[in-house]
Amino acid sequence: MQLIIAEKPAVAKAISAVIPGRDKAGKGFIEKGDYTITWAMGHLLTLKDPEDYDPEYKKWSLDALPLYFPDWGMKPNEQGGPSSKSKEQLETIGKLLKKADSVIHAGDPDDEGQYLVDEILRWHKYKGPVYRINTNDTSASALQRALNNLEDNGPLEKIGWAAHARSVADITVGYNCSRYFTLKNPGTLLTVGRVQTATLGLVVLRDLAIEGHTKQVYYTVSTDLSIAGAQIKAGYEPNAEDPNLVDGRILKENYAKEKADWLTGQHLDVVKVSFAEDYEHPPLPFNLTELQLYCSRKFGYEPSRVLEITQTLRDQYEAITYNRSDCQYLSEAQYQESGATMAQVIKNISFNPKGMDLTIHSRCFDDSNLTAHTAIIPQNKAVDPSKMTEEERTVYLAICKFYMAQFYPPAKKGRTKMEAPLEDGGRLTAASTALLEPGYRYLFKSDKLADDESNPVLSGLAPGDYPADILRAAYEAKETKPPARYTKASLGKDMTRIAKYVEDPEVKALLLAKDKGKKGENGSIGTVATRADIIDRLEERGYLE
């Protein structure tokens, strides 16, 4: 008997569907041919608490710190209480392992998924052969390929140990620092976390920057030009060497007025107008972070709610691919299957947009940019959106739209620029963008993913040199603004690039090295699956409002 251990029931069900034969359901497993398929439900094991080593550690005392155990042991995860199904499932897997000739590890293909199944095998002291289903695609065709091309699990165990090391780091920091700061501040429970506290630090730094911001008034000068019978607005850019500037800005009102008066009425012999075509590629499909950010801005959904919705779309409806993905790219195999997938999506949502071309090979189809997962896209599965809640349907349709966008050409734009040198070393400039061919933007008419056409009068001028007259010039007072306050979604986004705030060069380098080659993660903390929960927990504990 070959025992397949999946990370969750939904994956076990998907694997079972591609194995020939009839299902025979047991309690916590499925039998099918020579296979028995079972599953975890998240981590069935957890690290021991200090009091599991010595009951004395249950009492918080400074004298007991620091707490550290060279071999931090495991115990069954009873987070749901002693009657939790996790412990029962752990025992079921143990009984099945005694009958197994070999094991097929079907955890998610990342370090946490590797750890989750490896720890079960170690707990039950399983010594037989272990193979690995190593795919980030749970479609039927991909799972069938993976089952036919199993890998040796041994070389992959190291990434599971990396996840274990992070767990030990989390618990070491959490127990010691939480106890220390709470005991030093009687009457207040002060929880400290390796990721939680760094995230809170981002908010503190942002709030300090806002509260410490000193408003600075500066002045800009604009002009109205007459060129070839057309009137065009242009901005004045002072000479960078102008001694009256402070950090490139005009700070004195009388100097701004002086420049406006000087410009008014001038005749310019040469105003250069240039034109260039530009192409705007469709946005990549979503990973979880980008989906949370999009849904926060467009629909007002909280990141944790988006995670819940996508989990339902995946588990209940089987409508989308793996939802906790940190990747915005798709595989070449998914490109080959895109015709069938798109046909099903069109049928599901009853929308067949004009101009879509399935022969287009979008930049998102790139095996070299894949992580343990692929981007979140619709599954090739019959789904009825009318049976979904409004929130579920809204998120599903957004995922479908961003997938459809991959089969549209880029938007074609015309960018017209105007530049006129001045005697004082400064210049007048203006720019305009005109949409020449909508391309993918046909799908995003109401989303305003890019600027709409601007300064259409300038767009109407052919490239070349023109004489011009400055009809009038005026100055305007403006104020510098502090950085924007975080939303939950933008805070989650900054957790993917926290290295940019780190000053210690060694720590910065370590953070960046950790995410090397991973698009969308640039010196990050937390994971795409845990960030929303961490932020919510900070709010629940009163650290954030």
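Computed from a predicted model, the values in this text were never measured in an experiment.

Regarding its fold elements, the chain presents 17 helices and 17 strands. Here the C-alpha coordinates of the chain stretch approximately 95 × 65 × 40 Å along the principal axes. Per-residue burial for the chain yields a buried fraction of 47% across its 545 residues. In the chain, the share of contacts with a sequence separation of at least 24, taken over all contacts with a separation of at least 6, comes to 77%.

The next point concerns the sheet that holds strand E8 (residues 130-132). Pairing between the strands of a sheet is mediated by backbone hydrogen bonds and can be parallel or antiparallel. Taken in spatial order, the 7 strands line up as E2-E3-E4-E1-E7-E8-E9 in an open sheet, and their pairing is mixed. Each edge of the sheet is formed by a strand with only one pairing partner; in this case those strands are strand E2 (24-26) and strand E9 (151-152). Here helix H1 (residues 9-17) sits on the sheet in contact with strand E1 (2-6), strand E3 (29-32), strand E4 (35-39) and strand E7 (102-106), set at roughly 160° to E4. Set on the sheet, helix H4 (residues 111-123) makes contact with E1, E7 and E8; between it and E7 the angle comes to about 150°.

Moving on: the packing of aromatic side chains. The description of two aromatic rings rests on the distance between their centres and on the angle between their planes. All chains considered together, the criterion is met by 18 aromatic pairs. Aromatic side chains Tyr57 and Phe69 sit 5.9 Å apart centroid to centroid with 70° between the ring planes, which places their arrangement in the edge-to-face category. One end of the pair, Tyr57, is in the loop between helix H2 (50-53) and strand E6 (74-76); the other, Phe69, is in the loop between H2 and E6, with 12 residues separating them in the sequence. Under the relative-accessibility criterion, Tyr57 is labelled partly exposed at 24%. Judged by relative accessible area, Phe69 falls into the buried class, the value being 11%. Aromatic pair Tyr294 and Phe402: ring centres 5.1 Å apart, planes at 70°, arrangement edge-to-face. With Tyr294 in helix H9 (residues 288-299) and Phe402 in helix H13 (residues 390-404), this pair connects stretches of sequence that are 108 residues apart. As far as burial versus exposure is concerned, Tyr294 and Phe402 are alike and both buried.

Right, let's talk about the packing of H4 against helix H6 (residues 157-184) for a bit. Contact geometry of H4 with H6 gives a least axis separation of 7 Å together with a crossing angle of 90°. Comparing their axes, H6 and H4 come out roughly perpendicular. Between H4 and H6, the contacting residues are Asp111, Glu112, Gln114, Tyr115, Asp118 and Arg122 on the first element and Glu157, Ile159, Gly160, Trp161, Ala163, His164, Arg166 and Ser167 on the second. Residues that form the contact of H4 with H6 fall into these classes: 4 nonpolar, 4 polar and 6 charged.

With that settled, the discussion passes to a nonpolar patch on the surface. A cluster of nonpolar residues, Leu62, Tyr180 and Phe181, forms a patch on the protein surface that exposes about 260 Å² of accessible area. By the secondary structure assignment, Leu62 is in the loop between H2 and E6. Residue Leu62 is classed as partly exposed on the basis of its relative accessible area of 38%.

We now examine the environment of Ala169. Checked against the element boundaries, Ala169 lands in helix H6. Owing to a relative accessible area of 29%, Ala169 belongs among the partly exposed residues under this scheme. For the pair Ala169 and Pro409, spaced 240 residues apart in sequence, the C-alpha to C-alpha distance is 47 Å.

To continue, consider the nonpolar core. Across soluble globular proteins, you tend to see nonpolar side chains buried next to one another. Formed by 46 residues in total, the largest nonpolar core has its most connected members in Leu291, Leu313, Met342, Val395, Tyr396 and Met404. Ignoring any residue separated from it by four or fewer positions in sequence, one finds Val395 in contact with Leu291, Cys295, Tyr301, Ile309, Thr310 and Leu313. One finds Val221, Tyr255, Ala260 and Met418 within the second-largest nonpolar core, a separate group that totals 27 residues.

In this section: the layout of surface pockets. The space that makes up the second largest pocket amounts to roughly 570 Å³. Along the walls of the second largest pocket sit 27 residues, with Thr138, Ser139, Ala140, Gln379 and Lys381 positioned nearest its centre. Breaking the lining of the second largest pocket down by element, the ones donating at least two residues are H1, helix H5 (140-148), helix H10 (303-315) and helix H12 (338-349). Top element by residues in the lining of the second largest pocket is H1. It accounts for 5 residues.

What follows concerns the pairing of strand E11 (residues 230-237). Where burial is concerned, the two faces of E11 differ: the one with Ala230, Ile232, Ala234 and Tyr236 is buried and the one with Gln231, Lys233, Gly235 and Glu237 is not. Here strand E10 (residues 217-227) folds back onto E11, and the loop between the two strands holds 2 residues, one of which, Ala228, carries a positive phi near 50°. Pairing analysis gives 3 bridges linking E11 to strand E16 (residues 427-437), with the strands arranged antiparallel. Considered in E16, the bridge of Tyr236 is made with Leu428.

As enumerated under the stated definition, the model contains 40 salt bridges in all. Across the salt bridge formed by Arg166 and Glu112, the nearest N and O atoms sit 3.6 Å from each other. Placement of Arg166 in helix H6 and of Glu112 in helix H4 is noted, with a sequence separation of 54 residues between them. The class of Glu112 is partly exposed, set by a relative accessible area of 28%. Of the charged contacts, one joins Asp494 and Arg497 as a salt bridge, the two residues approaching to 2.8 Å between their closest N and O atoms.

Scoring rules and cut-offs
- Residues numbered from 1 in each chain as written.
- Predicted model: local features only at pLDDT ≥ 70, side-chain atom pairs only at ≥ 80, totals over all residues.
- Heavy atoms only, no water.
- Helix = DSSP H or I, 4+ residues; strand = E, 2+ residues; numbered from the N terminus.
- Buried < 20%, exposed > 50% of the residue type's maximum accessible area, 1.4 Å probe, protein only.
- Contact = heavy atoms within 4.5 Å.
- Pairing = 2+ DSSP bridges.
- Axes fitted to C-alpha atoms, helices over the stretch in contact; angles between N-to-C directions.
- Phe/Tyr/Trp six-rings, centres within 6.5 Å; stacked < 30°, edge-to-face > 60°.
- Parallel < 35°, antiparallel > 145°, perpendicular 65-115°, else oblique.
- Nonpolar A, V, L, I, M, F, W, Y, C, P; charged D, E, K, R; others polar.
- Patch = residues over 30% accessible without salt bridge, like charges linked within 9 Å, V, L, I, M, F, W, Y side chains within 5 Å.
- Areas by Shrake-Rupley, 256 points an atom, 1.4 Å probe, with all protein chains shown as cover.
- Salt bridge = Lys/Arg side-chain N within 4 Å of Asp/Glu carboxyl O.
- Core = buried A, V, L, I, M, F, W, Y, C linked by side-chain atoms within 4.5 Å.
- 1 Å grid on protein atoms, 1.4 Å probe; cavity = no way out; pocket = protein on both sides within 12 Å on 5 of 7 lines; lining within 4 Å.
- Points joined across faces, edges and corners; volume = space filled by probe spheres on them.

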